[in-house]
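# Per-entry structural report
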Amino acid sequence: MPNPVKETKAQRSERLKRAMNPWDGLAEIRRFAREGFDSIPPEWIGTYFRWWGVYTQGDGAGVVGGKDGQGLALPFFMVRIRIPNGLLRSDQLRTIADLTRRYARGVADLTVRQNIQLHWVTIEALPEVLQELWRVGLNTTGSCGDVARNITGCPVAGVDAGEICDASSLALEADRMLAGNAEFYNLPRKFKISITGCRIWCPYPEINDIGMTATERVVDGNSEVGFALRVGGGLSTEPYLGTPLNAFVRWNQVLPVIRGIAELFRDSDQLREHRERARLKFLFLRHGWTPQDFQEELERRIGFQLDPAEPEHPPADVYRDHIGVHAQRQPGLCYVGATVLRGRITPEQMHAAAELAERFASGELRTTNMQNLLIINVPRLQADELAKELGAIGLPVSGSPFRRGAIACSGTEFCKLAITETKTFSRWLVEELEERLPGFAQHLKLHVTGCPNSCGQHWIADIGIEGKKIKIDGRMVDAYYFCLGGALGLNQAIARPVGFRCPATEVPGAIERLLRTYLASGKRGENLRHFFARHSDADLRAFLAGDWVEAVARDLPEGRVPSGVEG
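Residues numbered from 1 in each chain as written. Predicted model: local features only at pLDDT ≥ 70, side-chain atom pairs only at ≥ 80, totals over all residues. Heavy atoms only, no water.

Among the structural elements, asparagine 208 can be located in the loop between β6 (193–196) and β7 (210–219). Residues asparagine 208 and glycine 234, spaced 26 residues apart in sequence, show a C-alpha to C-alpha distance of 5.6 Å. There is a polar contact of 3.4 Å between the side chain of asparagine 208 and the backbone nitrogen of isoleucine 193. A polar contact is formed between the side chain of asparagine 208 and the backbone oxygen of tyrosine 204, at a distance of 2.8 Å. (Helix = DSSP H or I, 4+ residues; strand = E, 2+ residues; numbered from the N terminus. Polar contact = N/O pair within 3.5 Å; in protein donor to acceptor, adjacent residues only side chain to side chain.)

With that settled, consider the side chain of asparagine 181. For asparagine 181, the position within the fold is in the loop between α6 (168–178) and β6. Relative accessible area serves as the criterion here: at 17%, asparagine 181 is assigned to the buried category. For asparagine 181, the side chain forms a polar contact with the main-chain oxygen of methionine 177, separated by 2.9 Å. Every residue in contact with asparagine 181, bar those within four places of it in the chain, is listed here: Trp23 and Arg259. (Buried < 20%, exposed > 50% of the residue type's maximum accessible area, 1.4 Å probe, protein only. Contact = heavy atoms within 4.5 Å.)

Reading across from one edge, β1-β2-β5-β4-β13 is the order of the five strands in this open sheet, with antiparallel pairing throughout. In this open sheet, the two edge strands, each paired with only one partner strand, are β1 (54–58) and β13 (344–345). Of the strand pairs in this sheet, strand β4 (residues 108–110) and β13 are connected by two bridges, and their pairing is antiparallel. Residue pairing for β13: aspartate 109 is matched across the bridge by arginine 344. (Pairing = 2+ DSSP bridges.)

Let's shift gears to unusual backbone geometry. Unusually for a residue other than glycine, glutamine 114 sits at a positive phi of about 70°. Within the element layout of this structure, glutamine 114 appears in the loop between β4 and β5 (116–121). For glutamine 114, a relative accessible area of 1% puts it in the buried group. Phi is positive for aspartate 473, which is not a glycine, with a value near 50°. Turning to its location among the elements, aspartate 473 is positioned in the loop between β18 (463–472) and β19 (475–484).

We now examine empty space enclosed by the protein. Counted under the stated rule, the structure contains one cavity of 30 Å³ or more. Estimates place the volume of the largest cavity at around 180 Å³. Its residues assigned to classes, the lining of the largest cavity comprises eight nonpolar, two polar and five charged. (1 Å grid on protein atoms, 1.4 Å probe; cavity = no way out; pocket = protein on both sides within 12 Å on 5 of 7 lines; lining within 4 Å. Points joined across faces, edges and corners; volume = space filled by probe spheres on them. Nonpolar A, V, L, I, M, F, W, Y, C, P; charged D, E, K, R; others polar.)

For helix α5 (residues 126–135), the complete set of buried residues consists of Leu126, Pro127, Val129, Leu130, Glu132 and Leu133. Packing partners of the buried residues in α5 comprise α2 (26–35), β1, β2 (73–81), α4 (90–103) and β5. Following α5 by one or two positions, glycine 137 has its phi on the positive side, about 85°.

Another aspect to go through is the packing of aromatic side chains. One pass over the full model with this rule turns up 21 aromatic pairs. Each ring, one from phenylalanine 531 and one from phenylalanine 543, has its centre 6.0 Å from the other, and the planes form 25°; the classification is stacked. Taken together, the residues phenylalanine 531 in helix α15 (residues 528–533) and phenylalanine 543 in helix α16 (residues 537–545) connect sequence positions twelve residues apart. Across the pair, phenylalanine 543 and phenylalanine 531 agree in class, each one buried. The positively charged end of arginine 105 is found above the aromatic ring belonging to phenylalanine 76, 4.9 Å away from the centroid. (Phe/Tyr/Trp six-rings, centres within 6.5 Å; stacked < 30°, edge-to-face > 60°. Lys NZ or Arg CZ within 6 Å of the ring centre and 35° of its normal.)

Taken as a whole and judged by the stated rule, the model has 44 salt bridges. Residues lysine 9 and glutamate 276 are paired through a salt bridge, measuring 3.2 Å at the closest nitrogen-oxygen approach. Note that lysine 9 is positioned in helix α1 (residues 9–19) and glutamate 276 in the loop between α7 (254–266) and α8 (282–285), a separation of 267 residues in sequence. For lysine 9, a relative accessible area of 55% corresponds to the exposed category. Across the salt bridge formed by glutamate 466 and arginine 554, the nearest N and O atoms sit 2.8 Å from each other. Here arginine 554 lies in the segment after α16 and glutamate 466 lies in strand β18, a separation of 88 residues in the sequence. Residue glutamate 466 shares its accessibility class with arginine 554, and that shared class is buried. (Salt bridge = Lys/Arg side-chain N within 4 Å of Asp/Glu carboxyl O.)

Moving on, we get to the environment of isoleucine 460. Note on placement: isoleucine 460 falls in the loop between β17 (446–449) and β18. For the pair isoleucine 460 and alanine 533, spaced 73 residues apart in sequence, the C-alpha separation works out to 14 Å. Apart from the residues lying within four places of it in its own chain, the contact partners of isoleucine 460 are Tyr204, Ile207, Leu235, Lys445, His447, Gly486, Ala487 and Leu488.

Judged by pairing direction, the sheet is mixed, and its five strands sit side by side in the order β16-β17-β18-β19-β20 without closing on themselves. Strands at the two margins of the open sheet, each flanked by one partner only, are β16 (406–408) and β20 (496–503). When strand polarity is set aside, the average angle formed by the axes of neighbouring strands in this sheet is 25°. The sheet contact formed by β16 and β17 spans three bridges and is parallel. Of the residues in β17, the one forming a bridge with isoleucine 407 is histidine 447. Sitting on the sheet, α16 is in contact with β19 and β20, with an inclination near 25° to β20. (Axes fitted to C-alpha atoms, helices over the stretch in contact; angles between N-to-C directions.)

This paragraph deals with the confidence of the model for the chain. Averaged over every residue, the pLDDT of the chain is 94; residues scoring 70 or more account for 97%. Every residue in residues 556–567 scores below 50 in pLDDT, and together they form 24 contacts with partners more than four places removed in sequence or on other chains. (pLDDT = per-residue confidence, 0-100.)

Next comes the structure, spelled out in structure tokens:
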């Protein structure tokens, strides 16, 4: 009798999604809470929980300690809270702080999609966590899974003195249209949307499946605000910057266009054949689509033609972190941006920030995709006092380029796919660089990601480092592989893998050598991106190593890399 054909990962995922809309499973979640972790079936552990923003945590060893491309799971969950456009009220932040203290062992992180995620949540506590979030108008629906993820936008929408428009209402409307909607529970894989009215494109539209950026045109002497449209952006192991379409999307066309693209993605059966190639970008990378093909299919679905695109004005190489004290468009008011190093924030800091937002301002806060926290509507005369108070709770409103530019994914502390620990490492790395290069003043994006999947977005960083393992004295230790020169906006580029890898303990020294070379030999007015661009990979390796070195592959030559980790 012939052996049955083994079901692929994609086939299993598609079968489970066809069998059930996970958002219909609240009663099941409550039953699991009553009966305990051992009552949860594998399809919930590995698939359905994700639609609720819930993942099992790893055991701290990451992918190397498991099999089949995943590490071992503990009977605890990471719970990701959806915060569209980063808009947050003080009572909501206070609730998150209370839940973090009671159910998450005091561990919460700001993410690169403006979410806040909790750790160490038990199944017994999950229904109460969900209920408390619903009570204050928050939810976890669609924060993970094959759905539209948290919709990002400019965190200072409505208060930015230089914005083209406040697009946050569109982000909220799109969120209501997609999150929890049974029409869109079964997408081929995750689907990311960014809508911004700012001029500096701070929510990174270039790396989203849908990236909308405000633009202006004049028709018959009348000025009109609309949006430029990019599609198919994404990072992971195969980075691709979004493809601009020849479209000017009017304000009242934004939601129909988003729905049309979501339907196009949902109905793309060719994207369901392979889990690792199930993102919108693979229509362009693997299936021969052109921007014209995509736009024609989109217009067929939405039933109208889009006006031709207007000339764009991509932002130059600027920080998009909103740190510091900045004047608002409202006279006499400002917003104050605080750094949250590596995104890790305590319940005490959240409680204090909520109290400060009420005492000094209107009780409104914003999360950013650089893992920081803002307070808006602060009277200018009180901004300095607020900044001092934020600094006193460990959330400074100024800092070195290393502190401001650092991003870190979850790493092996919690993630089953990670290869290296990232959060503690990132804090140590920043502190080391501040001590080694105290006068360094160049804008710098320093991104740490614990595996090739790029949750730390190392492909768009000036210095992006990707977690690996290497063998030293017979023992496997954390290491990092360097990618340099990533950028978005006017000089957009995917960071170059330059062939240099070193143990984690040697990373500060390598970065110090690189930056000292830049300071000593960079041309007048030349930023890091341009400096990297005019040097070869061999030059950059020599700067990092302090001497000429051979290139190494991104993966280990010493032996087989665990399944699913190959970069």
